[in-house]
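# Report on the structure
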Amino acid sequence: MALGKVFHLLFRVSDAAKGLRSEEPLLATIGSVELRGRADAIKVTEKAVHIIERKSSRPPSRGAWISDVVQAASYAIQYAYTSGSPRDIDITIEVRYPSARRLFRLTDDIKTMTLRSIDEVSLLKRAGVVPYAKRGRRCARCPYKGICEALDSGLESQYQDELGLWLRDLNIVT
C-alpha cells in the first residue's frame, strides 16, 4: 500500500502541473446508496469531463479489467450527479496501466453495468446476499481467496442462477 501511495503522490505533482484536478473528494447519493470516492485525476472543460484512474497492475490483452472500468465509471457518475453538469456533456473515462491506456466513453451500457454493480454491493452489505463471482488468475494471489471459497461452499447449486449471474461472462470491456 505504501508503494501505491508513492505512485499516486508522484502523479499528483504531474497532474497539478497539467492543470488536472487530483484526488478530489466526490460524493453522490443515488437512491438509498451514498457513493464516495476520489478519482485519481479529472480534466474538466466546457464541453467535456475526462476521468483518469491509474492502476499499477498489468492490463488484460485487450480492453480493461471490468473492476477498473466500474471504478472509473462510478467516479464519472458521482461527478455528473454533483457537478450540475449539463446532461449532454461528453464524459470519458480512462484507465491507465503502466504499459497501456484504455479510453471509454461513458455510455448508457457502462452506466447500467456500474449501477448494477453498485446495486449488488448494496445487497451484499445490507442483506448479506453474495453475488456470483467469476474466478480467474487474479484469485490465486488474493488474500481473501479462502473466504470466497468458504462463502461458495454449499451455495452453488441453490444460488447459481440468481444474483450476479450477469457477471459470469464479463472479463473485460472492449
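The sections below set out a description of the structure shown in this document. (Residues numbered from 1 in each chain as written. Predicted model: local features only at pLDDT ≥ 70, side-chain atom pairs only at ≥ 80, totals over all residues. Heavy atoms only, no water.)

## Some details on the overall build of the protein
Rules: Helix numbers and strand numbers start at the N terminus; a helix is a DSSP run of H or I with at least 4 residues, a strand a run of E with at least 2. Here a residue-residue contact requires only that any non-hydrogen atoms of the pair lie within 4.5 Å.
Along the backbone of the protein there are six helices and nine strands. When contacts within the protein are restricted to residue pairs at least 6 apart in sequence, long-range pairs at least 24 apart make up 62% of them.

## Notes on the sheet that holds strand 4 (residues 41–44)
The test is simple: DSSP calls a pair of strands paired once it identifies at least 2 bridges connecting them. Orientation is described by lines fitted to C-alpha atoms, with helices fitted over the stretch in contact, and by angles between N-to-C directions that extend from 0 to 180 degrees.
Read across the open sheet, the five strands follow the order 1-4-5-7-8; overall the sheet is mixed. Each of the sheet's edge strands pairs with one partner strand only, and the pair in question is strand 1 (21–22) and strand 8 (100–105). In this sheet, strand 8 lies alongside strand 7 (residues 90–97) in antiparallel orientation, the contact comprising six bridges. Directly across from Thr92, in strand 8, lies its bridge partner Arg105. Along the sheet, helix 2 (residues 66–83) makes contact with strand 1, strand 4, strand 5 (48–54), strand 7 and strand 8, crossing strand 7 at roughly 145 degrees.

## With respect to the nonpolar core
Going by this rule: What is meant by a nonpolar core is a set of buried Ala, Val, Leu, Ile, Met, Phe, Trp, Tyr and Cys residues, joined one to another through side-chain atoms within 4.5 Å. Exposure is judged per residue with a 1.4 Å probe applied to protein chains only, and the accessible area is read against the type maximum: over 50% gives exposed, under 20% gives buried, and values in between give partly exposed.
The biggest cluster of nonpolar side chains holds 29 residues, and the ones touching the most others in it are Ile42, Val49, Ile51, Val69, Ile93, Leu106 and Ile110. For this core, the secondary structure elements donating two or more residues are strand 2 (25–30), strand 3 (33–38), strand 5, strand 6 (64–65), helix 2, strand 7 and helix 3 (108–127). Of all the elements, helix 2 adds the most residues to this core, at nine residues. Setting aside chain neighbours within four positions, we find Ile93 in contact with Ile51, Val69, Ala72, Ala73, Ala76, Arg102, Leu103, Phe104 and Ile110.

## Some words on the packing of helix 2 against helix 3
For clarity, the cut-off: Every angle not falling under 35 degrees, over 145, or within 65 to 115 is termed oblique; those three ranges are roughly parallel, roughly antiparallel and roughly perpendicular.
Viewed as axis vectors pointing N to C, helix 2 and helix 3 meet at an angle of 95 degrees, and their least axial separation amounts to 9 Å. What the angle tells us is that helix 2 and helix 3 run roughly perpendicular. Across from Ile66, Val69, Val70, Ala73, Ser74 and Ile77 in helix 2, the residues of helix 3 making contact are Ile110, Lys111, Met113, Thr114, Leu115, Ser117 and Ile118.

## Some points on helix 2
Selection criterion: The length a helix should cover is 1.5 Å for every residue beyond the first.
Look at helix 2: 25 Å from first C-alpha to last across 18 residues, which is about the 26 Å you get at 1.5 Å a residue. What helix 2 keeps buried is the set Ile66, Asp68, Val69, Val70, Ala72, Ala73, Ser74, Tyr75, Ala76, Ile77, Gln78 and Tyr79. Just beyond helix 2, the residue with positive phi is Gly84, at close to 70 degrees.

## Topic: a positive patch on the surface
Rules: Exposure above 30% relative accessible area and no salt bridge define the residues that can form patches, which grow by joining like charges within 9 Å and nonpolar side chains of Val, Leu, Ile, Met, Phe, Trp and Tyr within 5 Å. Under the convention used here, a 1.4 Å probe and the Shrake-Rupley method define accessible areas, while residue burial counts only the protein chains that appear. Within this document, salt bridges are pairs made up of a side-chain nitrogen of Lys or Arg and a carboxyl oxygen of Asp or Glu, the two lying within 4 Å of each other. When charges are tallied, Lys and Arg are placed among the positive residues and Asp and Glu among the negative ones, while His and the ends of the chain are skipped. Just so you know, the charge point we use is NZ for Lys, CZ for Arg, CG for Asp and CD for Glu.
Judged by side-chain charge, Arg58, Arg137, Arg138 and Arg141 come together as a positively charged surface patch. Within the element layout of this structure, Arg58 appears in the loop between strand 5 and strand 6.

## Structural notes on the pattern of salt bridges
Taken as a whole and assessed by the stated rule, the structure comprises eight salt bridges. Of the charged contacts in the structure, one is a salt bridge between Glu94 and Arg101, with a shortest N-O distance of 2.7 Å. Glu94 gets classed as buried once you look at its relative accessible area, which sits at 3%. Overlapping salt bridges bring together Glu53, Lys55 and Asp68 as one network.

## Focus: helix 3
Its 20 residues place the ends of helix 3 27 Å apart at the C-alpha level, agreeing with the 28 Å of an ideal helix rising 1.5 Å per residue. Among all positions in helix 3, only Ile110, Met113, Thr114, Ser117, Ile118, Glu120 and Ser122 are buried.

## Here's the deal with the pairing of strand 8
Looking along a regular strand, one sees side chains alternate from face to face of the sheet. Side chains Ala100, Arg102 and Phe104 of strand 8 all project onto a buried face; the interleaved residues Arg101, Leu103 and Arg105 project onto a face where none is buried. Where strand 7 folds back onto strand 8 in an antiparallel hairpin, the turn is made up of two residues.

## Structural notes on the environment of Ala76
As for its position among the elements, Ala76 is in helix 2. On the basis of relative accessibility, which here comes to 1%, the residue Ala76 falls in the buried class. A C-alpha to C-alpha distance of 9.1 Å links Ala76 and Ile42, two positions 34 residues apart in sequence. The contact partners of Ala76, leaving out residues within four places of it in the chain, are Ile51, Ile91, Ile93 and Leu106.

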